[in-house]
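# Reading the structure
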Amino acid sequence: MKTTLHFPLLPLLCAAALALPASAGVVLTQGAGSATPAATHLTYTADFEANAELASPWSEGGLLFSQVGGLAADNGGCGYAGELCLAYPGQVYSEVFSGNFFATAGYNAYLSIRSAGADLGGIEFAVDSGYATIHLMWQTWLDGVLTGTGKAALGAQGIGGIVGLSDANGFDEVRLYTFDSASDSSGYSTPQIDSVHAFVVPEPGSLALAALAGIVMAAGRRRRAG
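As the structure is a prediction and not an experimental result, all values here were calculated from the model. Residue positions are counted from 1 within each chain, in the order its sequence is given. Reporting in this predicted model follows two pLDDT cut-offs: at least 70 for local features of residues, and 80 or more for side-chain atom pairs to be given and counted; totals over whole chains, interfaces and linings ignore these cut-offs and use all residues. Water and hydrogen atoms were dropped before computing side-chain values, which therefore reflect all heavy atoms in the structure.

## Some points on the environment of D194
We apply this condition: To qualify as a helix, a DSSP run of H or I must reach at least 4 residues; to qualify as a strand, a run of E must reach at least 2; elements of each kind are numbered from the N terminus. Contacts between residues were defined by any pair of non-hydrogen atoms, one from each residue, lying within 4.5 Å. Each polar contact in these results corresponds to two N or O atoms within 3.5 Å; when the atoms are within protein, one needs to be able to donate a hydrogen and the other to accept it, and residues that are neighboring in sequence are counted only if both atoms are side-chain atoms.
Checked against the element boundaries, D194 lands in strand β14 (residues 191–200). For the pair D194 and D128, spaced 66 residues apart in the sequence, the C-alpha separation amounts to 8.8 Å. Not counting the four nearest positions on each side in its chain, D194 is found in contact with D47, F48, F97, S98, N100, F101, F125 and A126. Here the side chain of D194 touches S98 through a polar contact of 2.9 Å, landing on its backbone nitrogen.

## Comments concerning the sheet that holds strand β9 (residues 133–142)
Using the following cut-off: Strands pair, by our definition, only if DSSP identifies at least two bridges between them. Axes here refer to lines fitted to C-alpha atoms; in helices the fit is confined to the stretch in contact. Angles between the N-to-C directions go from 0 to 180 degrees.
Taken in spatial order, the six strands make up an open sheet running β3-β4-β7-β12-β9-β10, and their pairing is antiparallel. Taken across any chain shown, the strands that pair with only one partner, and hence form the sheet edges, are β3 (58–60) and β10 (145–156). Averaged over all neighbouring strand pairs, the angle between strand axes comes to 20 degrees, with direction disregarded.

## Some details on the pattern of salt bridges
We count it as follows: Whenever Lys or Arg places a side-chain nitrogen within 4 Å of a carboxyl oxygen from Asp or Glu, that contact is recorded as a salt bridge. A simple rule labels every residue: compare its accessible area, found with a 1.4 Å probe on the protein chains alone, to the largest value its type can have, and call it buried under 20%, exposed over 50%, or partly exposed in between.
A complete count under the given rule lists two salt bridges for this structure. A salt bridge links R114 to E173; its shortest N-O distance comes to 3.2 Å. Within this pair, whereas R114 is found in strand β7 (residues 110–115), its partner E173 is found in strand β12 (residues 173–179), the two being separated by 59 residues in sequence. Assessed through its relative accessible area of 36%, R114 is described here as partly exposed. You can call E173 buried: its relative accessible area is 4%. Across the pair R175 and E173 runs a salt bridge, and its minimum N-O distance is 3.1 Å. By relative accessible area, which is 17% here, R175 ends up buried. Several salt bridges share partner residues, and in doing so they unite R114, E173 and R175 into one network.

## A closer look at the pairing of β10
Both β9 and β10 contribute to a ladder of nine bridges, which runs antiparallel. The residue of β10 that forms the bridge with T133 is A156. Following β9, the chain reverses through two residues before pairing antiparallel with β10; D143 in that reversal takes a positive phi of roughly 55 degrees.

What follows is the structure in structure tokens.
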């Protein structure tokens, strides 16, 4: 004999809605893995190893990178810039970089990272600077609208750091500047990045359905157990 389970619809829909990510704006974090959203279904990555000619724009792993307002194919004049080749042959350019990286320099110059597909929920990257200390200014954009901006002090050039940005509402572009001091919001900018990992925002409908399915399954198990 079949047992028909009846569950009130409104409480289930409310619970599914609560399972969706909250709108909290852009959050900056530091360290590998710090910007991974709670739920992801696709990851974009780029390491610039194949960009031996330092092309801009550069497309890799579902992301589009551009040097804006600065020197194209700069990277400290090193060509394939895995090493600090001009002054210290054989030494690593930055402790957080591995092999080639992507950089620019110029007045108000920035690096643009765009998603070639879905909106991003989080992104991480290794960052360094042409200045002795790293003063990062970042912006996130969605459909041409600025959604967040901020600054981070990351210590000494040549050591670098890993920065993460995450936003449950999503963004489709990140712009990165590095200036000479924490107070600067314009001027000569020298951003450098490597090892980019980006995470796509799951569609809200799929999250709600997954949450609803989980609630129904749990209720069914409790009913059978009873």
